[in-house]
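# A look at the structure
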Amino acid sequence: MQPRNSRLNSSALRGAVDLAAVKAAGEAAQKAEQARAERARQAAAGGADDTASAAYPLVIDVSEDTFEAEVVQRSAEVPVVVDFWAEWCGPCKQLSPILERLAEEYAGRIVLAKIDVDANQLIAQQFGIQGIPAVMAVVAGQLVPLFQGAENEANVRKVLDQLIAVAEQRFGIVGGAVSADGAPVPVARPEDPALSAAHDALDRGDLGGAIQAYKNVLTDQPGNTEAKLGLAQAELLHRVEKLDPQAVRSAAAAGPKDVPAQLDAADLDLVGGHVEDAFGRLVDTVGRTFGEDRDTARLRLLELFEVIGVEDERVVKARAALARVLF
């Protein structure tokens with residue numbers, strides 16, 4: 001499954017890797033808290049009867065006109081699963097009821113947005129939909145491909161569980177339970193002061209401080225996905241901040257087996273948004289080197305996988321390519 005990495009807006013659904021993803025995650029969490037507070041304020045102002053109207057529905061039909069508000073903006077509060085379907089599509093008629101039933105069962109931890117590809121061809125084109133049914137998600141404005149084709153309920157449930165875990169661990173976005181009247185009630189996740197300090201250091205450009213702060217978090221919480229992502233990004237930015245791009249690329253072109261030059265060039269590729277080029281360069285370097293040099297290139301590639309997110313489809317492909325050259 002892929003967390004990340006195309007920042008979505010109304011005009012562009014795909015782009016280069018966002019190296020400020022940790023900052024974006026913090027901003028997403030902050031926006032989610034603001035949205036929750038606003039819903040609570042509206043409910044308090046309008047009385048208990050307005051609670052349901054202030055909450056978001058669990059299954060919605062989305063058009064090109066409503067996509068920005070219903071999908072992109074709402075994804076700051078809750079993972080939005082996007083179901084691309086059409087009336088003529090037989091497999092869609094099998095999958096859509098499963099998604100709708102699970103959206104109700106998950107009780108506000110996800111929202112299901114249904115998009116008719118015939119009526120909304122532009123959105124389908126922007127998402128690169130080649131066939132339907134196709135299911136993707138948007139979390140904190142980030143595109144998360146899920147699966148294509150009909151799946152049984154057990155497999156769909158596994159994918160949704162992974163999506164919910166990624167949304168919480170990486171972006172601090174937690175959907176809610178359902179209140180007595182059936183309206184979803186978002187719940188806030190307590191802020192981690194140590195992680196916030198690391199994010200703040202990264203925001204200030206204090207890369208050394210951010211690296212140490214993320215390491216401190218990981219000392220106490222070795223499995224903290226957000227801290228791992230932050231550390232990988234901070235270390236990448238720290239490595240490239242003093243590089244001379246022209247000199248690095250000249251050295252890399254002149255020395256295919258010059259591992260340090262290839263590592264630096266791969267870092268620059270990634271920072272420039274050329275994710276597949278960075279991965280391909282290092283896979284090739286692993287393939288043409290041996291011993292310690294090979295291991296050094298392999299470990300850097302694994303570090304760059306962390307920057308992008310190990311569930312990203314580009315990481316999955318590069319990991320398979322790495323396995324082929326290793327074995």
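Notes on the structure follow. Source: prediction; values computed, not measured.

Attention now moves to the packing of aromatic side chains. Taken as a whole and judged by the stated rule, the model has 3 aromatic pairs. Ring centres 5.1 Å apart and planes at 90° place the aromatic pair F279 and F305 in the edge-to-face group. A residue pair is termed long-range when its members are at least 10 positions apart, and F279 in helix α12 (residues 275-288) and F305 in helix α13 (residues 291-308) qualify at 26 residues. Counting every residue linked through ring pairs, the aromatic cluster contains F67, F84 and F127.

Moving on, we get to the pattern of salt bridges. Per the counting criterion, the structure on display carries 15 salt bridges. Between E153 and R157 there is a salt bridge, with its nearest N and O atoms 3.0 Å apart. With E153 and R157 both in helix α6 (residues 153-171) and 4 residues apart, this pair spans about one turn of that helix. Relative accessible area serves as the criterion here: at 25%, E153 is assigned to the partly exposed category.

With that out of the way, let us pick up the packing of helix α9 (residues 225-240) against helix α11 (residues 259-271). Between α9 and α11, whose axes approach to 10 Å, the crossing angle comes to 115°. Considering the angle they form, α9 stands roughly perpendicular to α11. Considering how the two elements wind past one another, α9 and α11 form a crossing that is left-handed. In this structure, α9 contributes L236, R239 and V240 to the contact, and α11 contributes D267, L268, L270 and V271. Classifying every residue of the contact of α9 with α11 by side-chain character gives 5 nonpolar, no polar and 2 charged.

Cysteine pairs can be linked by a disulfide, which is a covalent bond between their two sulfur atoms. In the structure shown here, the tally under the stated rule is 1 disulfide. Across the disulfide from C89 sits C92; the S-S distance is 2.3 Å. Taking the torsion about the sulfur-sulfur bond, which here is approximately 80°, the covalent link between C89 and C92 counts as right-handed. Taking relative accessible area as the criterion, C89 reaches 2% and is therefore assigned buried.

Our focus in this paragraph is the sheet that holds strand β5 (residues 142-148). Here 5 strands make up an open sheet; going across it, the order is β1-β3-β2-β4-β5 and the pairing mixed. Strands with a single pairing partner mark the edges of an open sheet, and in this sheet they are β1 (59-61) and β5. Averaged over neighbouring strand pairs, the angle between their axes works out to 25° when direction is ignored. Note: strand β2 (residues 80-85) against strand β3 (residues 111-116), 6 bridges, orientation parallel. The residue of β3 that forms the bridge with D83 is K114.

Let us look at the pairing of β3. Among the 6 residues of β3, 5 are classified as buried, and the element is accordingly described as predominantly covered. Alignment of β1 against β3, held across 3 bridges, turns out to be parallel. Residue pairing in the sheet places V59 in a bridge with L112 of β3.

Rules behind the numbers
- Residues numbered from 1 in each chain as written.
- Predicted model: local features only at pLDDT ≥ 70, side-chain atom pairs only at ≥ 80, totals over all residues.
- Heavy atoms only, no water.
- Phe/Tyr/Trp six-rings, centres within 6.5 Å; stacked < 30°, edge-to-face > 60°.
- Helix = DSSP H or I, 4+ residues; strand = E, 2+ residues; numbered from the N terminus.
- Salt bridge = Lys/Arg side-chain N within 4 Å of Asp/Glu carboxyl O.
- Buried < 20%, exposed > 50% of the residue type's maximum accessible area, 1.4 Å probe, protein only.
- Axes fitted to C-alpha atoms, helices over the stretch in contact; angles between N-to-C directions.
- Parallel < 35°, antiparallel > 145°, perpendicular 65-115°, else oblique.
- Left-handed = near helix turned anticlockwise from the far one by under 90°.
- Contact = heavy atoms within 4.5 Å.
- Nonpolar A, V, L, I, M, F, W, Y, C, P; charged D, E, K, R; others polar.
- Disulfide = S-S within 2.5 Å.
- Pairing = 2+ DSSP bridges.

Coordinates in, geometry out; function isn't part of it.
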